[in-house]
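Given next are the chains, with one letter for each unit.
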Amino acid sequence: MYVLIGGAGLIGLSLAQKLVELGHTVAVIDIDPTACRYAREQVGAMAFEGSAVSTEVLLEAGIRKANALAAVLRNDALNLAMVTLARHYGVSHILSRMRHSDFAEPLRLAGATHVISTVELAVSTMVNAIEYPQVESMMHFEQGQIEVLKLAIPNSCYVVGRSVAEIAQDFRFPTGSLIIGYQPHPHEDLMIPNGSTVLEPGSTILIVTKPGSLHQVIDFMEGCK
């Protein structure tokens, strides 16, 4: 896949590094010659010095053949301009970083397929780590309407030895929640459980639920026998 990244700051270069490691062809655009040189020599990406909202630079960087584009420039207005140009040149998969929520709708209207608020993501991650230290990780979907959390099962937990079907039928298990992933042991792969899957002590589960049910889910899953 050919991926074009606008902005060679910390996020842009880190993104480029990960994509190169995954085997993608990556091109970075930035006005800073030092950042461009770093992208070439240390990251292994192509780099084009100039403005990421210049049509000449974008065409030189191959925007017409880009499969995906990420706008991670220094402000929302520049990202909005880059998204608009990417849509104009037919890029099908367009991602944009967003600093201020006022730009969420304009970015989507301009053609961004994914809008990522770095501030909200960081704050939300830290709040979750403070409120729910026992949760290994948490992801948000549909603007926070759905949560997916990864939770370790303590040895003395009430649900140990019970099947997924038994847990789902328990009146204390929050309505609308669902166990969607199960890892029996840390060295084993994550699997999709069925109703007969029995939770073992020390295992890990993935649960999808609504934000308002988070406390209930955690309290139920960690309840002592």
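Residues numbered from 1 in each chain as written. Predicted model: local features only at pLDDT ≥ 70, side-chain atom pairs only at ≥ 80, totals over all residues. Heavy atoms only, no water.

We now examine the sheet that holds strand β3 (residues 46–49). Spatial strand order, β3-β2-β1-β4-β5-β6: six strands in an open sheet with parallel pairing. Strands with a single pairing partner mark the edges of an open sheet, and in this sheet they are β3 and β6 (114–117). Neighbour to neighbour, the strand axes of the sheet diverge by 15° on average, direction disregarded. Bridge count between strand β5 (residues 93–98) and β6: four bridges; the pairing is parallel. By the bridge assignment for β6, Met98 is matched with Ser117. (Pairing = 2+ DSSP bridges. Helix = DSSP H or I, 4+ residues; strand = E, 2+ residues; numbered from the N terminus. Axes fitted to C-alpha atoms, helices over the stretch in contact; angles between N-to-C directions.)

This model, assessed by the stated rule, comprises two salt bridges. Between Arg162 and Asp170 there is a salt bridge, and its shortest N-O distance comes to 3.2 Å. Here Arg162 matches Asp170 in class, with each residue buried. The residue Asp170 makes a salt bridge to Arg172 at a minimum N-O spacing of 3.0 Å. Residue Arg172 is classed as partly exposed on the basis of its relative accessible area of 41%. (Salt bridge = Lys/Arg side-chain N within 4 Å of Asp/Glu carboxyl O. Buried < 20%, exposed > 50% of the residue type's maximum accessible area, 1.4 Å probe, protein only.)

As a further point, take the packing of helix α1 (residues 10–21) against helix α2 (residues 33–43). Contact pair α1 / α2: the axes reach a minimum separation of 11 Å and the direction vectors enclose 25°. Taken as axis vectors, α1 and α2 run roughly parallel relative to one another. Of the two possible hands of crossing, α1 and α2 adopt the one that is right-handed. In this structure, α1 uses Leu13, Ala16, Gln17 and Val20 to contact α2, whose residues at the interface are Ala35, Tyr38, Ala39, Gln42 and Val43. (Parallel < 35°, antiparallel > 145°, perpendicular 65-115°, else oblique. Left-handed = near helix turned anticlockwise from the far one by under 90°. Contact = heavy atoms within 4.5 Å.)

If you check UniProt for "domain: RCK N-terminal" (unreviewed entry), the listed places come out as residues 1–117 in our numbering. The distance separating the terminal C-alpha atoms of residues 1–117 is 24 Å; by composition the span is 42% helix and 25% strand. (UniProt positions renumbered as here; feature names shortened; annotations may be inferred.)

Here the focus is the environment of Thr25. The topology assignment puts Thr25 in strand β2 (residues 25–30). With 19 residues separating them along the chain, Thr25 and Gly44 place their C-alpha atoms 9.2 Å apart. For Thr25, the residues in contact, after removing those within four places along its chain, are Met1, Tyr2, Val3 and Met46.

Regular strands have side chains that alternate between both faces of the sheet. For β2, the buried fraction is high: five of the six residues fall into the buried class. The pairing of strand β1 (residues 2–6) with β2 spans five bridges and is classified as parallel. Residue pairing for β2: Tyr2 is matched across the bridge by Thr25. With α1 bridging β1 and its parallel neighbour β2, the resulting β-α-β unit is right-handed. (Right-handed = clockwise from strand over helix to strand, strands pointing away.)

One broad rule of soluble globular proteins: the nonpolar side chains tend to lie buried together. Of all hydrophobic cores here, the largest spans 27 residues; its most connected members are Leu4, Ile29, Ile63 and Leu69. At the level of elements, β1, β2, α3 (55–60), β4 (68–71), α4 (76–88), β5 and α5 (104–110) are the ones that each hand at least two residues to this core. If you tally residues by element for this core, the top one is α4, at four residues. When residues no more than four places from it in sequence are discounted, the contact partners of Leu69 are Leu4, Ile63, Met82, Ala86, Val91, His93, Ile94 and Leu95. Core analysis: the second largest hydrophobic core is formed by 19 residues, Leu149, Ile153, Ile179 and Leu199 among them. (Core = buried A, V, L, I, M, F, W, Y, C linked by side-chain atoms within 4.5 Å.)

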